[in-house]
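A structural walkthrough
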Amino acid sequence: MKYSAGMLDLLEALTLPEQPVLFLKLTLQPHICMKKLQEAVNQCIALIPELALRYDKKQNCWRTPKDDAFSIVQEVNSFDFSSWDIEQNAQLCIQILHKEQQDLLCIGFSHILCDGDGATQILRLLCACYRKENVSFQNCRAPEALPVIKQKKTKTKRRKSIPVTLPSTPHPLHTCALQESISLELLKQISTPSYTVNDVLLCAYAQTLHRITAANAMTIPCPVNLRSFLQLKPAWTIANFVGDFQVTLYGLDHRDWRELLADIHQQMQEERTRCLDLHTIRLLHPLMKHLPLTVTKAAAKAGFHSPETAYTNLGKIDAAAIHFDDCTITQLYLLGRPRSYPSFQIAASTWKDTCTLACHVTGDTLQLAHAQQILTTMCTQLKEYERQAMNTKTE
């Protein structure tokens, strides 16, 4: 059994042997039915065979796993994905931790198979199968071939990139998933009609990094879901379709947050009209069909680099479509792959009325404390924005 992968899948595979994976973490009350969950997983595999296959980086495709003993659904005493290898095992791994009044689920997805939006679509499909609904399923794994919305192009050039690096010292390492939550209503109070919640989060992240590193100028890479550029959006696009936007900020030591917010919003608008990645992707995909894979890989490695300090925002997760029929999802958020500190990524996602900021960090005790400090400081910064915004309205 063999299924080919695409150009954007190959870009994610460049991080191997580090595992390019992502996670969705759920809290369920009271408990999930294990039999129904296993049946739902089997149905999902019947619709998306790649879920149960291993990734072959030599051929950029999915093949039958070498390890028949691997179980996609695992009941565990603590979450541990260290033995899950997407080059040997399936592209999906679900771990369930049973508590007295609730179940904790951590679902691991291969980032070679799909991006964050694709992961939520798999969860949506899993929920529908769990509820035993009839699903009309036709997956589009090549969204880059679909017509896109015409954009008015900008002549403004992208600012020169200025990487920012967190301080680090080598010590014994531990891996930890950290998260902080903040009210969506609070973020909306700050954003107003002029700016987006994403603009506000980026502003708080930039000012937090400035406090920790003392860097007065920096570039923050922020992956964007390119599905928003499509003229027609298929119901199912379980694939990688992400472009890399970025914002570059100067004068972080003296500029007011409102000024930074306006700068971020303008740059994000320019990135959208510029959309270099979308044009590059639409050029590379046809070429990939005619070039040897070795040439394509070399070109990808030369042009693609995973940023050391990054940010991603999954946006609002579709709570209307993601639900079970015998238990309630009380918490759901995105978590990126483990990164060895000082490599660091904030993953933002919104479930119902709560926005969660999360990071997956490997480091020593002090480094994990620094990572938690970034999350805590961001939340403190956002609350200060909200206080100042409310004071301005009452003046």
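The structure contained in this document is the topic of the report that follows. All figures in this text were calculated on a predicted structure; none of them were measured in a lab.

With respect to the helices and strands, Gly118 occurs in helix α3 (residues 116-130). Residue classification places Gly118 among the buried positions, given a relative accessible area of 0%.

Another aspect to go through is the sheet that holds strand β3 (residues 54-56). Read across the open sheet, the 3 strands follow the order β1-β4-β3; overall the sheet is antiparallel. Two strands close off the open sheet at either side, each with one partner strand: β1 (2-4) and β3. Within the sheet, the average angular offset between the axes of one strand and its neighbour, ignoring direction, is 30 degrees. In this sheet, strand β4 (residues 61-63) lies alongside β1 in antiparallel orientation, the contact comprising 3 bridges. Bridge pairing in β4 places Lys2 opposite Arg63.

Moving on, we get to the nonpolar core. Core analysis: the largest hydrophobic core is formed by 61 residues, its most contacted members being Leu26, Phe109, Leu123, Phe324 and Leu332. With 8 residues, the single largest contributor to this core is α3. In this structure Phe109 touches Pro20, Val21, Leu22, Leu24, Trp84, Gln91, Leu92, Cys114, Ala119 and Ile122, once residues within four positions along its chain are discounted. Formed by 56 residues, the second largest nonpolar core is a distinct cluster that contains Leu8, Leu178, Ile264 and Cys355.

To continue, consider the packing of aromatic side chains. Applying the stated criterion to the full structure yields 8 aromatic pairs. Here the aromatic rings of Tyr55 and Trp62 are separated by 6.0 Å at their centres, their planes lie at 65 degrees, and the arrangement is edge-to-face. By relative accessible area, which is 0% here, Trp62 ends up buried. Ring pairs connect the aromatic residues Phe23, Phe81 and Trp84, which therefore count as one cluster. The ring of Phe229 carries the charged tip of Arg272 above its face, separated from the ring centre by 4.3 Å.

Of the volumes computed, that of the second largest pocket is approximately 510 Å³. Taken together, 21 residues make up the lining of the second largest pocket; nearest its centre are Phe23, Phe81, Thr175, Pro338 and His360. Looking at the lining of the second largest pocket residue by residue, the classes come out as 10 nonpolar, 6 polar and 5 charged.

We now examine helix α6 (residues 257-274). The terminal C-alpha atoms of α6, which comprises 18 residues, lie 25 Å apart, in line with the 26 Å expected from a rise of 1.5 Å per residue. By the burial criterion, the buried members of α6 are Trp257, Leu260, Leu261, Asp263, Ile264, His265, Gln267, Met268, Glu270, Glu271 and Arg274. Its side-chain oxygen at 2.9 Å from the backbone nitrogen of Arg258, Asp256 defines the N-terminal cap of α6. Once α6 ends, the next one or two residues include Cys275, with phi positive near 40 degrees.

Another aspect to go through is the sheet that holds strand β12 (residues 328-335). Reading across the sheet, the 5 strands line up as β5-β6-β7-β2-β12 and stay open at both edges, with mixed pairing between neighbours. With partners counted over all chains shown, the strands left at the sheet margins are β5 (73-75) and β12, one partner each. Sheet twist, expressed as the mean angle between neighbouring strand axes with direction ignored, is 20 degrees. Here strand β2 (residues 21-29) pairs with strand β7 (residues 103-110) via 8 bridges, running antiparallel. Across the sheet, residue Phe23 finds its bridge partner in β7, namely Gly108.

Turning our eyes to something else, we now look at helix α5 (residues 197-213). Residues that lie three or four places apart on an α-helix share one face, since the helix turns once every 3.6 residues. The terminal C-alpha atoms of α5 lie 24 Å apart, and with 17 residues this matches the ideal 24 Å at 1.5 Å per residue to within 8%. The buried count for α5 comes to 13 of 17 residues, which makes it a mostly enclosed element.

A separate point is the environment of Leu123. Tracing the chain through its elements places Leu123 in helix α3. In this structure, the C-alpha to C-alpha distance between Leu123 and His323, residues 200 residues apart in sequence, is 9.1 Å. Discounting residues that sit within four places of it in the chain, Leu123 has contacts with Leu24, Leu26, Ile107, Ile322 and Leu332.

Attention now moves to the side chain of Gln121. Structurally, Gln121 can be placed in helix α3. On the basis of relative accessible area, Gln121 is assigned to the buried category, the value being 5%. A polar contact of 2.7 Å, which involves the side chain of Gln121, links it to the backbone nitrogen of Thr237. In this structure, Gln121 is in contact with Arg227, Ala235, Trp236, Thr237 and Ile238, ignoring residues within four places of it in sequence.

What counts, and at which threshold
Residues numbered from 1 in each chain as written. Predicted model: local features only at pLDDT ≥ 70, side-chain atom pairs only at ≥ 80, totals over all residues. Heavy atoms only, no water. Helix = DSSP H or I, 4+ residues; strand = E, 2+ residues; numbered from the N terminus. Buried < 20%, exposed > 50% of the residue type's maximum accessible area, 1.4 Å probe, protein only. Pairing = 2+ DSSP bridges. Axes fitted to C-alpha atoms, helices over the stretch in contact; angles between N-to-C directions. Core = buried A, V, L, I, M, F, W, Y, C linked by side-chain atoms within 4.5 Å. Contact = heavy atoms within 4.5 Å. Phe/Tyr/Trp six-rings, centres within 6.5 Å; stacked < 30°, edge-to-face > 60°. Lys NZ or Arg CZ within 6 Å of the ring centre and 35° of its normal. 1 Å grid on protein atoms, 1.4 Å probe; cavity = no way out; pocket = protein on both sides within 12 Å on 5 of 7 lines; lining within 4 Å. Points joined across faces, edges and corners; volume = space filled by probe spheres on them. Nonpolar A, V, L, I, M, F, W, Y, C, P; charged D, E, K, R; others polar. Expected span 1.5 Å × (residues − 1). Polar contact = N/O pair within 3.5 Å; in protein donor to acceptor, adjacent residues only side chain to side chain.

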